[in-house]
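Examining the three-dimensional arrangement
Listed here are the chains, written in short residue letters.
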Amino acid sequence: MIVSLDAIKKPIKSELKEFELFFKNSMKSKVPLLDRITYYIVKSKGKQMRPVFVFLASKMTGSISSSSYIAASFIELVHTASLVHDDVVDESSQRRGFFSINALWKNKIAVLVGDYLLSKGMLLALEKEEFRLLKIMSQAVKNLSEGELLQLEKARKLDIDESIYFNIIRQKTAALISAACSAGVAAVTDDEELIRTMSDFGTKIGIAFQLKDDLLDYGTDNIGKPRAIDIKEKKMTLPIIYTLQNCNRSTKRRIISTIKNHSNDKKRVSELIQTVHSAGGIDYATLKMDEYKNQALKQLEKFPHSEAKSSMIDLVEFVIQRKK
Ligand code: FPP
Ligand code: MG
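Residues numbered from 1 in each chain as written. Chains lettered and ligands numbered in written order. Predicted model: local features only at pLDDT ≥ 70, side-chain atom pairs only at ≥ 80, totals over all residues. Heavy atoms only, no water.

1. Details of the overall build of the protein
Across its full length, the protein holds 16 helices and two strands. For the C-alpha atoms alone, the extent of the protein along its principal axes is close to 60 × 50 × 30 Å. Within the protein, the proportion of its 324 residues that are buried is 53%. For the protein, the exposed area adds up to about 15,700 Å²; of that, 52% sits on carbon and sulfur atoms. Computed over 51 positive and 40 negative side-chain charges, the separation of the two mean positions in the protein equals 5 Å. (Helix = DSSP H or I, 4+ residues; strand = E, 2+ residues; numbered from the N terminus. Buried < 20%, exposed > 50% of the residue type's maximum accessible area, 1.4 Å probe, protein only. Areas by Shrake-Rupley, 256 points an atom, 1.4 Å probe, with all protein chains shown as cover. Lys, Arg positive; Asp, Glu negative; His and termini not counted. Charge placed at Lys NZ, Arg CZ, Asp CG, Glu CD.)

2. Brief notes about a nonpolar patch on the surface
A cluster of nonpolar residues, V89, L149 and L152, forms a patch on the protein surface that exposes about 250 Å² of accessible area. Secondary-structure assignment places L152 in helix 8 (residues 131-157). (Patch = residues over 30% accessible without salt bridge, like charges linked within 9 Å, V, L, I, M, F, W, Y side chains within 5 Å. Salt bridge = Lys/Arg side-chain N within 4 Å of Asp/Glu carboxyl O.)

3. Overview of helix 15 (residues 281-300)
Over its 20 residues, helix 15 runs 29 Å from end to end, which matches the ideal 28 Å to within 8%, given 1.5 Å per residue. Residues G281, I282, Y284, A285, K288, M289, Y292, K293, A296, Q299 and L300 constitute the buried set of helix 15. Check the buried side of helix 15 and you find it contacts helix 4 (49-61), helix 9 (162-186), helix 10 (192-216), helix 12 (238-245), helix 14 (266-278) and helix 16 (307-321). (Expected span 1.5 Å × (residues − 1). Contact = heavy atoms within 4.5 Å.)

4. What about the side chain of D90?
Checked against the element boundaries, D90 lands in the loop between helix 5 (66-89) and strand 1 (94-95). Excluding anything up to four places from it in sequence, D90 contacts E233 and K235.

5. A few points about helix 7 (residues 107-127)
When the terminal C-alpha atoms of helix 7 are compared, their 30 Å separation across 21 residues agrees well with the 30 Å that a helix rising 1.5 Å per residue should span. Among the residues making up helix 7, those that are buried are A110, V113, G114, Y116, L117, G121, L124 and A125. In this fold, the buried residues of helix 7 make contact with helix 2 (13-26), helix 3 (32-43), helix 5, helix 6 (101-105) and helix 8. Count one or two residues on from helix 7 and you reach E129, which has phi positive near 50°.

6. So, the packing of helix 5 against helix 9
Across the interface, helix 5 lies against helix 9 with an axial gap of 10 Å and an inter-helix angle of 170°. Between helix 5 and helix 9, the angle falls in the class roughly antiparallel. Contacts from A71, I75, V78 and H79 in helix 5 reach L176, A179, A180 and A183 in helix 9. By residue class, the composition of the contact of helix 5 with helix 9 is seven nonpolar, one polar and no charged. (Axes fitted to C-alpha atoms, helices over the stretch in contact; angles between N-to-C directions. Parallel < 35°, antiparallel > 145°, perpendicular 65-115°, else oblique. Nonpolar A, V, L, I, M, F, W, Y, C, P; charged D, E, K, R; others polar.)

7. Observations concerning the nonpolar core
Of all hydrophobic cores here, the largest spans 97 residues; its most connected members are F53, M198, F201 and M312. Here the element with the most residues in this core is helix 9; it accounts for 13 residues. Every residue in contact with F201, bar those within four places of it in the chain, is listed here: F53, C181, A296, Q299, L300, M312 and V316. (Core = buried A, V, L, I, M, F, W, Y, C linked by side-chain atoms within 4.5 Å.)

8. What about the packing of aromatic side chains?
Note on aromatic pairs: each is described by the distance of the centres and the angle between the planes. Going through the model one piece at a time under the given rule, you end up with 10 aromatic pairs. Considering the side-chain rings of F22 and Y69, the 6.2 Å spacing of their centres and the 45° angle between planes classify their relative orientation as tilted. One end of the pair, F22, is in helix 2; the other, Y69, is in helix 5, with 47 residues separating them in the sequence. Judged by its relative accessible area of 11%, Y69 is buried. Measuring from ring centre to ring centre gives 5.5 Å for Y40 and W105, while their planes differ by 75°; the resulting arrangement is edge-to-face. On the criterion of sequence distance, the pair formed by Y40 in helix 3 and W105 in helix 6 is long-range, its members being 65 residues apart. Of the two residues, Y40 and W105, neither departs from the other in class, the shared state being buried. Every member of this aromatic cluster is reached through a ring pair, and the members are F19, F22, F23, F55 and Y69. (Phe/Tyr/Trp six-rings, centres within 6.5 Å; stacked < 30°, edge-to-face > 60°.)

Dropping the structure here:
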């Protein structure tokens, strides 16, 4: 059974409310253009899953502290910055059912807004001398950028295999979710073993999260951004990688030709989606997603029962069953 995100947030409801204000204030600027854009960002906010990971991780291992708020805000700032930059990189005009920042204000402004959000996060941690958090986040931002660049390189050459795909998603997505989980713990305890366990948990559920994202791209539901866009962007995700590795040479040639030369041809793209379905690409990616989900749940077994832990387990389920 899938538990709603609202129910999952219940043990940290008041903290999340306070966080929203903290997050909004953390973006404040005296530059009117920036203020207009950050107002728009707050209005088009997403599911705020990363702050939920931070607060639940803190609560599972101690009690939520002021460091938890700083961690949650820094992570949401970096997450927002990465999406603003990502929409420039991917030339996307839609995000969360709204126009993207680059669509409304153009690329040069979007790039600078992303930089500004990152700097505000760093300052937040620096002002409070949260050096551990700064270390966790610097590593995460390095991973995000590397993952994104590796993905771009592979989109050009189309020479991706399963292990490279997992490296990409580990870096571009799981790194920040892992940072959220380890920073949540580091905000309340110095216990290295606990911090490492939650970092591992975050990596596993982060990989499952991106597998789900890549599967949603093959679905038919409204997900607040265009679907079947990965093929158009020449983004090679697991369903296609699996199909390419398990089909005959002529099908392989046709798939590559669709991606390379006909990615705007609706008929060719829907034929490709059909091929992926019948080759078992969707089933295989779903199987892998479940494997990572189970590995994540295994890490949670190391923690004693608590309301926060129950919510974390429900969050794991939510990640892989969500509809958008
Ligand atoms: C979404 O992926 C994007 C990411 C998971 C990370 C993007 C990271 C960067 C652009 C580097 C950020 C650098 C700094 C300095 C903050 P996607 O395109 O697969 O998903 P989507 O469908 O939601 O766009
Ligand atoms: Mg994108």
